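A closer look at the structure
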Amino acid sequence: MPRILILNGPNLNLLGKRQPDIYGHETLDDVIADCRTLGAELGLEINAQQSNHEGALVDLIQAARQDADGIVINPGAYSHTSIAILDALNAFDGRVIEVHISNIHAREAFRHHSHVSARADAVIAGCGTQGYAFALHRLAKLLS
Ligand code: DHK
């Protein structure tokens, strides 16, 4: 069974409470529960992690070199700043799908560029939390 790491970065632990007009009303627990249900349907093993810390995210991506075949990552604000997360993803041999809940291209200019996109096999933005489900569907196809 393909193993998927769903990795959420800073402030995504506040999903449902933080700026719901932008990020929606679902909590991260709701999103991960839906991902587990969908993962079971698609035959994917799901490991979900969240951290507010850049180095902790790098450690989790490094561990995925042994533990995962694909990563769904929403790096939060680190999308726009972190070469360290890009480097860690470049050291990961599996598939990578980048998810942004909001349409980063329709927001402030500093959100328009993501370092992670240079490594991602696909980028999903502006689909709300449904973007995670789209990412799992894509990974199921890529890893079948
Ligand atoms: C989430 C964040 O926390 C922001 O810093 C990004 C992203 C956008 C999202 O849309 O999921 O700029």
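It should be noted that the structure appears before, not after, this text.
Let me sum up the structure you'll find in this document. Everything numeric in this text was worked out from a predicted model, so none of it was measured.

1. Focus on the overall build of the protein
On a plain count of helices and strands, the protein comes out with five helices and five strands. Overall, the protein shows an N-to-C arrangement of helices and strands of β-α-α-β-α-β-α-β-β-α. Its C-alpha atoms give the protein a radius of gyration of 14 Å, near enough to 15 Å, the size a compact globule of 144 residues would have. Taken along the three principal axes of its C-alpha coordinates, the protein extends 40 × 30 × 25 Å. Burial statistics for the protein: of 144 residues in total, 45% are counted as buried. Contacts in the protein between residues far apart in sequence, at least 24 positions, make up 78% of those at least 6 positions apart. With the model as given, the accessible surface of the protein reaches about 6,900 Å², and the carbon-plus-sulfur share is 49%.

2. Some points on the site of the ligand
The environment of the ligand is formed by Arg18, Tyr23, Asn74, Gly76, Ala77, His80, His100, Ile101, Ser102, Ile104, Arg107 and Arg111. Interatomic distance of 2.9 Å between a side-chain N/O atom of arginine 111 and an oxygen atom of the ligand. Burial of the ligand by the protein chains amounts to 99% of its free accessible area of 310 Å². Counted by class, the shell around the ligand contains four nonpolar, five polar and three charged residues.

3. What to know about helix H2 (residues 28-42)
For H2, built from 15 residues, the straight-helix expectation of 21 Å at 1.5 Å per residue is met to within 8% by its first-to-last C-alpha distance of 20 Å. Residues of H2 that are buried: Leu28, Val31, Ile32, Cys35, Leu38 and Gly39. Buried residues along H2 cover an arc of 125 degrees about the axis, so they all sit on one side. Across from the buried face of H2, at angles greater than 90 degrees, the exposed residues are Asp29, Ala40 and Glu41. Those residues of H2 that are buried are in contact with strand S1 (3-8), strand S2 (45-50) and helix H5 (130-142). One or two positions beyond H2, positive phi appears at glycine 43, with a value near 75 degrees.

4. As for the side chain of glutamate 98
With respect to the helices, strands and loops of the structure, glutamate 98 is situated in strand S4 (residues 95-100). Of the side chains bearing the opposite charge, arginine 119 lies closest to the buried glutamate 98, which forms no salt bridge; the N-O distance is 9.8 Å. Those residues within four positions of glutamate 98 in sequence are excluded, and the remaining contacts are Ile73, Ser79, Ser114, Val116, Ser117, Ala120, Ala122, Val123 and Ile124.

5. Digging into the packing of H2 against H5
Relative orientation of the contacting elements H2 and H5 amounts to 25 degrees, with a least axis distance of 10 Å. Taken together, the axes of H2 and H5 lie roughly parallel to each other. In this structure, H2 crosses over H5, and the sense of that crossing is right-handed. Contact with H2, carried on its side by Val31, Cys35, Leu38 and Leu42, involves Tyr132, Ala133, Leu136, His137 and Ala140 of H5 and no other residues of that element. Broken down by class, the residue content of the contact of H2 with H5 amounts to eight nonpolar, one polar and no charged.

6. Some words on the packing of helix H3 (residues 54-67) against helix H4 (residues 83-90)
The interhelical angle for the contact between H3 and H4, taken along N-to-C directions, is 5 degrees, at an axis separation of 9 Å. Considering their axes alone, H3 and H4 lie roughly parallel with respect to each other. Of H4, the residues touching H3 (which contributes Glu54, Leu57, Val58 and Ile61) are Ala84, Ile85, Ala88 and Leu89. Residues belonging to the contact of H3 with H4 are distributed by class as follows: seven nonpolar, no polar and one charged.

What counts as what
- Residues numbered from 1 in each chain as written.
- Predicted model: local features only at pLDDT ≥ 70, side-chain atom pairs only at ≥ 80, totals over all residues.
- Heavy atoms only, no water.
- Helix = DSSP H or I, 4+ residues; strand = E, 2+ residues; numbered from the N terminus.
- Rg over C-alpha atoms; globule rule 2.2 N^0.38 Å.
- Buried < 20%, exposed > 50% of the residue type's maximum accessible area, 1.4 Å probe, protein only.
- Contact = heavy atoms within 4.5 Å.
- Areas by Shrake-Rupley, 256 points an atom, 1.4 Å probe, with all protein chains shown as cover.
- Near = heavy atom within 4 Å.
- Polar contact = N/O pair within 3.5 Å; in protein donor to acceptor, adjacent residues only side chain to side chain.
- Nonpolar A, V, L, I, M, F, W, Y, C, P; charged D, E, K, R; others polar.
- Expected span 1.5 Å × (residues − 1).
- Arc of directions from axis to C-beta.
- Lys, Arg positive; Asp, Glu negative; His and termini not counted.
- Salt bridge = Lys/Arg side-chain N within 4 Å of Asp/Glu carboxyl O.
- Axes fitted to C-alpha atoms, helices over the stretch in contact; angles between N-to-C directions.
- Parallel < 35°, antiparallel > 145°, perpendicular 65-115°, else oblique.
- Left-handed = near helix turned anticlockwise from the far one by under 90°.

Fair warning: the whole summary comes from geometry, so function is off the table for now.
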